[in-house]
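Each chain is listed here by its residues.
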Amino acid sequence: MMLRTPVSTLVKQASTPKLTRSLFGFSTKKKQDVLNTKPPAPIIGQDDLFHPLSKSPFKEMRAKGERIKAQAFCPVTLEKYNEKVHVAYECPDCGFPTHASEERWKEDTERARYWPKIREANEDEHDLRSGREMTEFALPGEQPYEEAVSMGNWDVFLYTRGFNSIDTERSRRHVSKLLTYPLSIASVIHENSPYTLRNSRLLPEGLRSLVALRQALHPAPATSDRFSRPPVPVRIFVVGARAESSLPPHVLQQLSHVFPRVPLHVFFVGPEAILPPQSRTSTEVYGVPSHTAIVSDNLTLTTLLCPYEEIHDSLGPFDPYLDVFFAFSPGFGFPSETEEGKTQLETNWLRSVLQILETKCALFCTGFSPVDLERDIVALDKSEGIKGEFDWLLTPGENIFGSEKWEVAEFDPRVTVKTNWGLYGIRGKRYEVREDGH
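For clarity, every value in this text was computed on a predicted model and none was experimentally measured.

Thresholds, definitions, all that
- Residues numbered from 1 in each chain as written.
- Predicted model: local features only at pLDDT ≥ 70, side-chain atom pairs only at ≥ 80, totals over all residues.
- Heavy atoms only, no water.
- Helix = DSSP H or I, 4+ residues; strand = E, 2+ residues; numbered from the N terminus.
- Buried < 20%, exposed > 50% of the residue type's maximum accessible area, 1.4 Å probe, protein only.
- Pairing = 2+ DSSP bridges.
- Axes fitted to C-alpha atoms, helices over the stretch in contact; angles between N-to-C directions.
- Contact = heavy atoms within 4.5 Å.
- Right-handed = clockwise from strand over helix to strand, strands pointing away.
- 1 Å grid on protein atoms, 1.4 Å probe; cavity = no way out; pocket = protein on both sides within 12 Å on 5 of 7 lines; lining within 4 Å.
- Points joined across faces, edges and corners; volume = space filled by probe spheres on them.
- Nonpolar A, V, L, I, M, F, W, Y, C, P; charged D, E, K, R; others polar.
- Parallel < 35°, antiparallel > 145°, perpendicular 65-115°, else oblique.
- Left-handed = near helix turned anticlockwise from the far one by under 90°.
- pLDDT = per-residue confidence, 0-100.

## Focus on the overall build of the protein
So, point 1. Looking only at helices and strands, one finds 13 helices and 12 strands in the protein.
So, point 2. Taken across its 438 residues, the protein has 50% of its residues classed as buried.

Next up, the structure:
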């Protein structure tokens, strides 16, 4: 079972504020009203963020506790007594239901290894719902041409992009969770990428693949020549899309803001992609339920509700200089749900990955933990039809722009992961054609 968490709470907090103005902006009464309006008082204070889930002031958190009780089994009862008993007792240290009873909780000699992470997640989730003013979610606009963006890590990126000062680790975790998807993409394809030959993350084949793409993403400043052609859009395909497709457009605009000179068209493709609620969907253009939103001159978003292999031919032809693929926590190495002894890559993903490799476009994937990343790598190296048919572009390792916020698995609260923790990249193998003169 893959652990993929929704971003709905972050989406609500990061929603674009609705600003109104009178005709020509001459009204001073409304302006004064805005200045005198005080933000509502927080529901809970910063010194009151820890709550057992069953006693949380927020129904979403109480419901989360009930789901855990319905899914998770007590680890001590299962491992020590070989009995499957659902969790019911809430750990006083972390507030999550973790054991069948207080007695079993006391028997767990390993609990100190995981409860601090769960408690941090507990407090983070309550902070998001606390009602305080989330100043960390005030996102900057387009990057001025003369100001370079540094993508060395979260700190320097937030500073060079002009974000509000992030004063606490908790605020930093919130921002990292909100922006991990657009910035995981940007950090790979940007000319100031932190992944280089020097630090051995980017391989020579990876540099070859990215050089042309980066030239398209960073064209020379436009001249006054009225005959010059507008830049060709760069297409970014997010396959197997889920939570990332629910991010609001102004959050995804952080991706286009760091590429201000070229239009981007982002496609979210997958059977679990989330179509915008109450939006008009169509099957006319692509033959599957879809929705396209033109966010700005430089950003278009298209959501396609179908497996990637069903739409691949309609999206072609592909150009490695202008197209790139991303898959967020695809779970290639997880056991297949339909064929025993096989992986998801060998069943659910096989046709899609083969199609992507045939395009010779780069495919970058993330994983939510070191173990998840290793599972994917093993699956790629063992799957018939795929092994030996790709080149490594980016060596597997930590994603500099992964989320720093702990996510707790409802099927086992001891399992804590971070969204997009790891990152790697591959591309369909290129075969050199030689003439031997005979």
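Alright, that's what it looks like, and here's the rest.
## Re the sheet that holds strand S5 (residues 290-296)
So, point 1. The eight strands are arranged S5-S6-S4-S3-S7-S8-S12-S9 in an open sheet whose pairing can be described as mixed. The open sheet has two edge strands with one neighbour each: S5 and strand S9 (390-398). Adjacent strand axes in the sheet meet at a mean angle of 15°, parallel and antiparallel pairs treated alike.
So, point 2. Relative to strand S7 (residues 323-327), strand S3 (residues 234-239) is paired through four bridges, and the arrangement is parallel. The partner of Val238 across the bridge, within S7, is Phe326.
So, point 3. Packed on one face of the sheet, helix H8 (residues 169-189) meets S3, S7, strand S8 (362-367) and strand S12 (422-428) and runs near 135° to S7.

## Describing the pairing of strand S4 (residues 264-269)
So, point 1. When you tally the buried positions in S4, you get six out of six residues, the bulk of the element.
So, point 2. Where S3 meets S4, six bridges bridge the pair, whose relative direction is parallel. In the sheet register, Phe237 faces S4, and the bridge partner there is Phe267.
So, point 3. Each parallel crossover has a hand, and the one from S3 via helix H10 (residues 249-257) to S4 is right-handed.
So, point 4. In terms of strand pairing, S4 meets strand S6 (residues 299-304) through six bridges, oriented parallel.

## Describing empty space enclosed by the protein
So, point 1. What the rule picks out here adds up to three cavities of 30 Å³ or more.
So, point 2. Surrounding the largest cavity, 13 residues form its lining, Ser209, Leu210, Pro320, Ala362 and Arg430 being those nearest its centre.
So, point 3. Take the lining of the largest cavity: its biggest share by element is five residues, from helix H9 (residues 204-217).
So, point 4. Split by residue class, the lining of the largest cavity holds seven nonpolar, one polar and five charged.

## Here we look at the packing of helix H11 (residues 308-315) against helix H12 (residues 350-359)
So, point 1. Across the interface, H11 lies against H12 with an axial gap of 9 Å and an inter-helix angle of 25°. Here H11 lies roughly parallel to H12, going by the angle between them. Of the two elements, H11 crosses H12, and the hand of that crossing is left-handed. Across the interface between the two elements, Tyr308, Glu309 and His312 from H11 touch Arg351, Ser352, Gln355, Ile356 and Thr359 from H12.
So, point 2. Taken together, the residues of the contact of H11 with H12 break down into two nonpolar, four polar and two charged.

## Some remarks on the packing of H8 against H10
In a packed pair of helices, the relevant descriptors are the angle between the two axes and the axis-to-axis distance.
So, point 1. At a closest axis distance of 9 Å, the pairing of H8 and H10 adopts a crossing angle of 25°. Put simply, H8 runs roughly parallel to H10. Of the two possible hands of crossing, H8 and H10 adopt the one that is right-handed. Contact residues: Leu178, Leu179, Pro182, Ile185 and Ala186 in H8; Val251, Gln254 and Leu255 in H10.

## Focus on the confidence of the model for the protein
So, point 1. Looking at the protein as a whole, its pLDDT mean stands at 89, while 88% of the residues score no less than 70.
So, point 2. Across residues 15-31 the pLDDT falls below 50, and counting only partners more than four positions away or on other chains, this stretch makes three contacts in the model.

## Some remarks on unusual backbone geometry
Backbone phi values are negative for most residues with the exception of glycine, while trans is the configuration of most peptide bonds.
So, point 1. Here the bond from Gly316 into Pro317 is cis, since omega is -5°, no more than 30 degrees from zero.
So, point 2. Here Pro317 lies in the loop between H11 and S7.
So, point 3. A positive phi angle, close to 65°, is found at Ser200, a residue other than glycine.
So, point 4. Positionally, Ser200 belongs in the loop between H8 and H9.
So, point 5. Take Ser200: its relative accessible area is 49%, and that puts it in the partly exposed class.
So, point 6. Of note, the phi angle at Lys360 is positive, near 65°, even though the residue is not glycine.
So, point 7. Assignment of secondary structure puts Lys360 in the loop between H12 and S8.
So, point 8. Accessibility expressed as a relative area gives 27% for Lys360, which makes it partly exposed.

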